[in-house]
Amino acid sequence: MTSALNLFIGLAMGVNLVALASSRLPSIIRAAALQGMVLGLLPLLLEEKFHWLVAVVAVGTVAVKGFVIPGLLRRALRVANIDREMQPLLGFIPSLLIGAGATIGAVALGGALPLRPEHAHSLLVPGAFATVVCGFLLLMGRTKAITQVCGYLILENGIYLFGLLLINTTPLIVEAGILLDLTVAVFVIGIIVDRIQREFDTLDTTKLTSLHE
Amino acid sequence: MNPGWLLCIAATGMVVGMFSAFRAPRLWLLTSLTGAIAALASAIWILKTGARWDWQSSVAIGGEALHLQLDALSAFFLALLAVLGGVGSLYQRGYWTDKTHPRSAPSGRAWWNAMLLNMGFVLLVANGLHFLIAWELFTVCAYFLITRERQHREVRQAGWLYLAASHAGTLCLFAFFAWLAARTGSWELGPMRDRTELAPLFWLALFGFGLKAGMFPLHIWLPSAHANAPSHVSAILSGVAIKMGIYGLVRFSSWMPVPDAAGWTVATLGVVSAVLGVAFALGQHDLKRLLAYHSVENIGIILIGLGFAMVATAHGNAAWGQLALAGGLLHVWNHGLFKALLFLGAGSVLHTTGTREMSRFGGLWRAMPWTASLFTLGAVAISGLPPLNGFVSEWLVFLGLFDAVSARGPAAWTAVPAAVLLGVTGALALACFVKVCGVVFLGLPRSKVAEQAHECGWTMRLPMLVLGAACVAIGLAPVLFWPAIASASSAWQPLWTDSAPPAPMQTLGAFHITIAALAMLAAIGLWLRVKRNGLSRAVTWDCGYAVPTPRMQYTAGSFAGIITGWFSWILKPKRHQHPVKENFPAHASYEEHTPETVLEHVVEPTGSVVMRISTAVRRLQHGRLQAYILYLLIGLAALALLALMGGAK
Amino acid sequence: MIATFEVLLRLLVWLLLAPLLPGIINKVKAWVAGRRGPPVLQLYFDLAKLWRKGVVLSTAVSPGHIAGVAVAWVSLVCAAMLLPAGPSGAPLAFRGDALLFVYLLALARFCTASAALDTGSAFEGMGAAREVSYAVLGEAAIITALLTLGLQSGSVSLTTMLAPAAGAGAALLAAGLFAVLLAENCRVPFDDPNTHLELTMIHEVMVLDHSGPPLAAILHGASLKLLMFSVLLAEAVLPIGKLSPPAAAAALAGSVLTVTVGIGLVESLLARLAFRRVPLLLTTAFLLCLFALLVAWKGGHL
């Protein structure tokens, strides 16, 4: 059980680095979607016995994070006719190296934290830390609105991983609510992206500083 | 005959040489060489027997009785000093002659001997006060040797920077020795490992000795000093003088207790020096400046070895510590040998072309086959490639790091990045020396001076041959040199008394000999085959271009461009360009140089802030007596207030 | 006597088998493209022909131009002697030979890059600059891979290091080493061995001015290097030491063939990367090896 779980979380940690290294918008959207789907399946692995509510949430998460949100983003990309190459503030290799450093640091930190024995050998906590840091790196190091959304999605995935630690105590309805919020947020951003593009002819969020007055 | 007498001969030779330097250059050469050989003999004696020579005299200097001692650790460094001092003496006979430098050559010889003598004393004295005196004298002698061409502004600046930086280091050492004397009640030095309260003093020593060794970021003085000194002086500065810093660190980390974090710090500084030293070297276009930055790199490799040896001692004397220390110590010798060889080679090039600018060279192998081959030999050695000596020492350090990782202890967390970055350093050094050899010696001459170059005389060739032979010898038969390393490392850590090499050096040596022999056979065989099949000559293929000119060759800057781009965050290269604009471009130019970032972005801004504050303070000193009396009054009042407050308590 | 004979026999096997690999790759590429392609033994014919041909040397070159080729070839052959050939081990195994292996490859690189600068051609200078620069990242990946293997086996000798299987991180290590293999042997997506556009090449552009027997030595050395890397990759992943000798030999041969076919497929299906993307891919290779090391490290505690 733990090894399958660790395999999935390891995969998600790898996807973090893929997202940091990708230089084109479609590939970063694909990375965020893949990560969402991989993590969406985790509740099924965590529960000892099958519960229909867990299954519903898992299916819902996979559907929303893997298909709905990326679909919305791709639509925004298409409609706003955005240049697919991105101009990073922080180069790809430095962000990749920092992300890898954060991942290793997270594993080391996970070994040092006083965790409950059932979590001591799982990658849940290191994975959550690494994913949050990589999400922040994307938010800080990229300029386009779409990449900001993807960074936010990855950040949310990290928080979701933390949430899995408490899966037995958190009502699943809260999870479902978060998922709904996320979808609405992405939906709204999709509209905003379109408007920014029409107004400024660019999606570079650094240009938004001219809005401060 | 014992080491004492040999050392006596050596010192006498140096002193006689110093006085005969002005009138009798031949006598000077003879006595200096005799001195060097005698010193080498005494060092070999000690290294071979592992004994310790100790001599206490009743003569007091500065109120302290003179106490000299030569143990394996001192002898290890003394051997290097003797070899490089000897070959450097011979080299300057052809390089810095009375005919070409009538004013600076005679006094240069005298300063040379004075510096060698004082470096010898640094290695021999066992008294803090005398150590400081010898250290200061050697620093000052080096200043006068660096500024041989005082008429050039650049040289004067380099000299001042060296002197200022060295004194910052000496200040720390002064504090270190004074503190040590105050705590122990005596200036006498010796093993005092059990006095743990002395451990924090190590940081002072690390700053003082690290500055002399040129570790990053205290290396600011090193590139300009080594580049502007005459080449035989650059060779001894790079080969031996910066090793005095290493000697200090090695010596006092063995005699004194060190803080827990010392090993990690030294190793980290070593890794940083190694990688950034070679990165800065790649950005240089001045041949000698480039070599100077490689000293920073190699000091880094030595420090990695020493640092991990210290980590090992802190973790129960793990056996991999001995490997790391052995690698670091052997690298002291190796770097001394190949770096001196490279500087002497660069000196020969400079001697005939009069410039250090690499973009003006090219194709020098035609005019200077000896220099070209020997420089290439040194380049292969410094890149750490088998079958030469550079590989042997890097291999030992690598083995230490690999064992530290396999041991899965806490050391592994640093050993992994250190090993990876040591590999990266090797590959970067390789890139850098392919660039140097390719741009300076291969291809076609890029300028008139390169076309008119000529080979240097035998007084300059022989020293390079000796150094090259030493590099080959250590590479092909490393096991012969193991006893020396073993005695030095057991002088550092008495628990490491293994007389058998911890790594299969004999097998490595045999493999190296096989490679060398096979390579020679294959080269001859291929050449014969080519001869038999028929050989014709044509111009280099340039994509069908009809009239290629030497100016179209790849330059040093473009060759290193990819890597300097990766490191541009710290190299901060300055570019001046007029790009091609019109269809028939008349003028286009591109110029690039890599400044010393730490100096320009850290030291100079700090200096100017200090300057501004001190200028503000200087306003208090304006020469008006009335105001001075006011200061007196304020001072008195303040003192009185202080006394009152103190009394109240 | 027998020992000498054995070494010679191994040497002969390495030298004779090496030119087979490029032939297989080309056959796979031709098969994917729907062509007949050159015969598998094409490189043997080429080498035999080149060995008999005359040499045209540039007027700019030094005597080191030909000597460099010879030294590079010898260092590759010596490196091959350190690599265990399946169940029979290596002719020479000692502590630390893994590092000697890496540095022998570096010696070959020094010689070929210097020989390229020797001609004074700007194109060859470009190729040499790329070769030595990208090798920096490749070196980091190889050292990390060796650290992984060393950590698993507790040894620094290739024969012992490559005996056990790579454990949990095998997939990561294999992917990392495969990327290094592609980069070090100048295959797509790092370099295109088929192109003749000097501006875009790495390895092929360095050898533009070689001809006749020296070119044969270079081509043979390149194929030998490819074979070495394939064997290294296969043995790093396979538990060679645990299998019976015939099984090990079969597994090794099979996996080398798989790697070769894999290279062919990669070359057929991928395009060459833009140069500015090459460092990113090599950094990824390094990180894959680094994570394999991490898995090996954690594996000891779980």
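Residues numbered from 1 in each chain as written. Chains lettered and ligands numbered in written order. Predicted model: local features only at pLDDT ≥ 70, side-chain atom pairs only at ≥ 80, totals over all residues. Heavy atoms only, no water.

**Topic: the overall build of chain B**
This is how the line gets drawn: Segments assigned H or I by DSSP are reported as helices when at least four residues long, segments assigned E as strands when at least two residues long, and all are numbered from the N terminus. Radius of gyration means the value over C-alpha atoms here, while the globule rule gives 2.2 Å times the residue count to the 0.38 power. Buried means the residue's accessible area, taken with a 1.4 Å probe over protein chains only, is under 20% of the maximum for its type, while exposed means over 50%, and partly exposed covers the values in between. Working rule for contacts: check all heavy atoms of both residues, and any pair within 4.5 Å makes them a contact. Each accessible area is a Shrake-Rupley result for a 1.4 Å probe, and residues are judged covered by the shown protein chains and nothing else. Charged residues are defined here as Lys and Arg on the positive side and Asp and Glu on the negative side; His and the ends of the chain fall outside this count. To locate a charge, take atom NZ for lysine, CZ for arginine, CG for aspartate or CD for glutamate.
Within chain B one finds 23 helices and 5 strands. The globule rule puts the C-alpha radius of gyration for 649 residues at 26 Å, and the 26 Å found for chain B is close to it. Here the C-alpha coordinates of chain B stretch approximately 100 × 65 × 60 Å along the principal axes. Every one of the 649 residues in chain B was classed for burial, and the buried ones make up 59%. Pairs at least 24 residues apart make up 78% of the contacts formed inside chain B by residues separated by at least 6 positions. For chain B, the accessible area works out to roughly 25700 Å², and carbon and sulfur atoms hold 67% of it. Put simply, chain B has 43 plus and 26 minus side-chain charges, and the middle of one group is 7 Å from the middle of the other.

**Observations regarding the pattern of salt bridges**
Selection criterion: A carboxyl oxygen of Asp or Glu within 4 Å of a side-chain nitrogen of Lys or Arg is what we treat as a salt bridge.
Under the defined criterion, the tally for this structure stands at 15 salt bridges over all chains. A salt bridge links Arg-195 of chain B to Glu-197 of chain B, with the nearest nitrogen and oxygen atoms 3.1 Å apart. For Arg-195 of chain B, a relative accessible area of 29% translates into the label partly exposed. The partner of Arg-95 of chain C in a salt bridge is Asp-403 of chain B, and the shortest N-O contact between them spans 3.1 Å.

**Focus on the interface of chain C and chain B**
Applied cut-off: Throughout, the accessible surface (probe 1.4 Å) given up by two parts as they are put together, summed over both, is called the buried area.
Between chain C and chain B, the residue contacts involve 75 residues of the former and 74 residues of the latter. Roughly 6500 Å² of surface becomes buried between chain C and chain B when both sides are summed, with 75% attributable to carbon and sulfur atoms. Looking only at chain C, the three residues that lose the most surface to chain B are Arg-95, Tyr-103 and Phe-110 of chain C, adding up to 12% of its buried area. Applying the counting rule to chain C against chain B returns 1 salt bridge. Elements with a contribution of two residues or more to the side of chain C that touches chain B: helix H3 (42–52), strand S1 (55–58), helix H4 (64–82), helix H5 (97–118), helix H6 (122–153), helix H10 (212–237) and helix H12 (278–299) of chain C.

**Some points on the packing of helix H9 (residues 231–255) of chain B against helix H11 (residues 287–314) of chain B**
Residue and element names in this part refer to chain B. Stated precisely, the cut-off is as follows: Angular values range over 0 to 180 degrees, each being the angle between N-to-C directions of two axes fitted as lines to C-alpha atoms, with helices fitted over their stretch in contact. Put simply, angles under 35 degrees are roughly parallel, angles over 145 are roughly antiparallel, angles from 65 to 115 are roughly perpendicular, and the rest are oblique. A clockwise turn of the near helix away from the far one marks a right-handed crossing, whereas an anticlockwise turn of less than a right angle marks a left-handed crossing. In this classification, the charged set is Asp, Glu, Lys and Arg, the nonpolar set is Ala, Val, Leu, Ile, Met, Phe, Trp, Tyr, Cys and Pro, and all remaining amino acids, among them Gly, are polar.
It is the contact of H9 with H11, at a shortest axis distance of 11 Å, that shows an interaxial angle of 15°. Relative to H11, the element H9 lies roughly parallel. Seen from above, H9 lies across H11 with right-handed handedness. Only Lys-288, Ser-295, Ile-299, Ile-302, Leu-303, Leu-306 and Met-310 of H11 make contact with H9, whose side of the interface consists of Ser-231, Ser-234, Ser-238, Ile-242, Lys-243, Ile-246, Leu-249, Val-250 and Ser-253. Each residue belonging to the contact of H9 with H11 can be placed in one class, and the counts come to 9 nonpolar, 5 polar and 2 charged.

**Quick word on a nonpolar patch on the surface**
Residues and elements named next belong to chain B. The cut-off we apply is this: The residues that make up patches have over 30% relative accessible area and no salt bridge, and they are joined within 9 Å when like-charged or within 5 Å when they are Val, Leu, Ile, Met, Phe, Trp or Tyr.
Taken together, the side chains of Val-609, Ile-613, Val-617, Leu-620, Leu-630, Tyr-631, Leu-633 and Ile-634 make up a nonpolar region of the molecular surface, amounting to roughly 750 Å² of accessible area. For the nonpolar patch, the elements supplying multiple residues, two or more each, are helix H22 (597–618) and helix H23 (625–648). Mapped onto the elements, Leu-620 comes out in the loop between H22 and H23.

**So, the domain arrangement of chain B**
All names here are of chain B. The condition is simple: Either an automatic procedure or a domain database provided the assignment from which the domain bounds are taken.
By domain assignment, chain B separates into domain 1 (260–496), domain 2 (568–618) and domain 3 (623–649). Its C-alpha centre places domain 1 at a distance of 29 Å from the equivalent point of domain 2. The largest contributions to the domain 1 side of the interface with domain 2 come from Leu-276, Phe-280 and His-285, which together make up 58% of the buried area. Viewed at the interface, domain 2 and domain 1 are joined by 0 salt bridges.

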